[in-house]
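Structural characterization, general
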Amino acid sequence: ACFEKFDSSYIGFTFDTGHATISKNLPWLVDNCMDRLIVLHINDNNGKQDFHWVPYCAEGAVDWDAAIQGIAKSPYRKALQLEIGWDSGKKGTPDEYLTTAYAAALRIHNQVSQLRTA
């Protein structure tokens, strides 16, 4: 309703992959909102709770192909923004966690770039 009432210069869209997965509206968001994308909150979860896991984790439920297609077709050109959290009991050392997070961000970046140049 807000998108119908207000111009894109006035109101935008934050794409939170974790929230979209929990609410089960990721496909709808990709189909209907990406032209307004201005902020990313990229993270994974189990589809039930907002854990803020690194993308592509083994337990994750986010449809990364759909999310990446949405980002690629959007006007968003800023740096990717992960919304993740390190847990000392579950995620290894901070350096290991950052290495994993960087690899996931780079994977997303490369896939978005490939789709945009295709």
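About the cut-offs
- Residues numbered from 1 in each chain as written.
- Predicted model: local features only at pLDDT ≥ 70, side-chain atom pairs only at ≥ 80, totals over all residues.
- Heavy atoms only, no water.
- Helix = DSSP H or I, 4+ residues; strand = E, 2+ residues; numbered from the N terminus.
- Rg over C-alpha atoms; globule rule 2.2 N^0.38 Å.
- Buried < 20%, exposed > 50% of the residue type's maximum accessible area, 1.4 Å probe, protein only.
- Lys, Arg positive; Asp, Glu negative; His and termini not counted.
- Charge placed at Lys NZ, Arg CZ, Asp CG, Glu CD.
- Contact = heavy atoms within 4.5 Å.
- Core = buried A, V, L, I, M, F, W, Y, C linked by side-chain atoms within 4.5 Å.
- Axes fitted to C-alpha atoms, helices over the stretch in contact; angles between N-to-C directions.
- Parallel < 35°, antiparallel > 145°, perpendicular 65-115°, else oblique.
- Left-handed = near helix turned anticlockwise from the far one by under 90°.
- Nonpolar A, V, L, I, M, F, W, Y, C, P; charged D, E, K, R; others polar.

**Comments concerning the overall build of the protein**
When you go through the protein residue by residue, the secondary structure sums to five helices and two strands. Here the C-alpha atoms of the protein give a radius of gyration of 15 Å, agreeing with the 13 Å that 2.2 N^0.38 yields for 118 residues. Considering only C-alpha atoms, the protein reaches an extent of 45 × 30 × 20 Å along its principal axes. Across the 118 residues that make up the protein, the buried fraction comes to 33%. Positive and negative side-chain charges in the protein, numbering 11 and 14 respectively, have mean positions lying 4 Å apart.

**Some thoughts on the environment of Gln 111**
When you line up the elements, Gln 111 lands in helix α5 (residues 94–117). When the C-alpha positions of Gln 111 and Ala 72 are compared, they lie 8.4 Å apart, and in sequence the two are 39 residues distant.

**Side note on the side chain of Ser 74**
Along the chain, Ser 74 turns up in the loop between α4 (64–73) and α5. Judged by relative accessible area, which is 2%, Ser 74 ranks as buried. Apart from the residues lying within four places of it in its own chain, the contact partners of Ser 74 are Met 34, Leu 37 and Arg 116.

**Section: the nonpolar core**
Formed by 21 residues in total, the largest nonpolar core has its most connected members in Phe 13, Phe 15, Leu 26, Leu 37, Leu 40 and Trp 64. Those elements that provide at least two residues to this core are β1 (13–16), α3 (26–32), β2 (37–41), α4 and α5. Here this core gets six residues from one element, more than from any other, and that element is α4. Sequence-distant contacts of Phe 13, defined by excluding residues within four places in its chain, comprise Phe 3, Leu 29, Cys 33, Met 34, Arg 36, Leu 37, Ile 38 and Val 39.

**Remarks on the environment of Val 30**
Structurally, Val 30 can be placed in helix α3. The class of Val 30 is buried, set by a relative accessible area of 7%. A sequence separation of eleven residues divides Val 30 from His 19, and the C-alpha atoms of the two residues are 13 Å apart. Ignoring any residue separated from it by four or fewer positions in sequence, one finds Val 30 in contact with Phe 15, Ala 66, Gly 70 and Lys 73.

**Structural notes on the packing of α4 against α5**
The geometry of α4 relative to α5 is characterised by a closest axis approach of 9 Å and an angle of 55° between their N-to-C directions. Accordingly, the angle class assigned to the pair α4 and α5 is oblique. In terms of crossing hand, the pair formed by α4 and α5 is right-handed. Contact residues: α4 offers Trp 64, Ile 68, Gln 69, Ile 71 and Ala 72, while α5 offers Ile 108, Gln 111, Val 112, Leu 115 and Arg 116. Looking at the contact of α4 with α5 residue by residue, the classes come out as seven nonpolar, two polar and one charged.

**With respect to the environment of Ile 108**
Here Ile 108 lies in helix α5. Sequence separation of Ile 108 and Gln 69 is 39 residues, and the distance between their C-alpha atoms is 10 Å. In this structure Ile 108 touches Ile 42, Pro 55, Tyr 56, Trp 64, Ile 68 and Leu 80, once residues within four positions along its chain are discounted.

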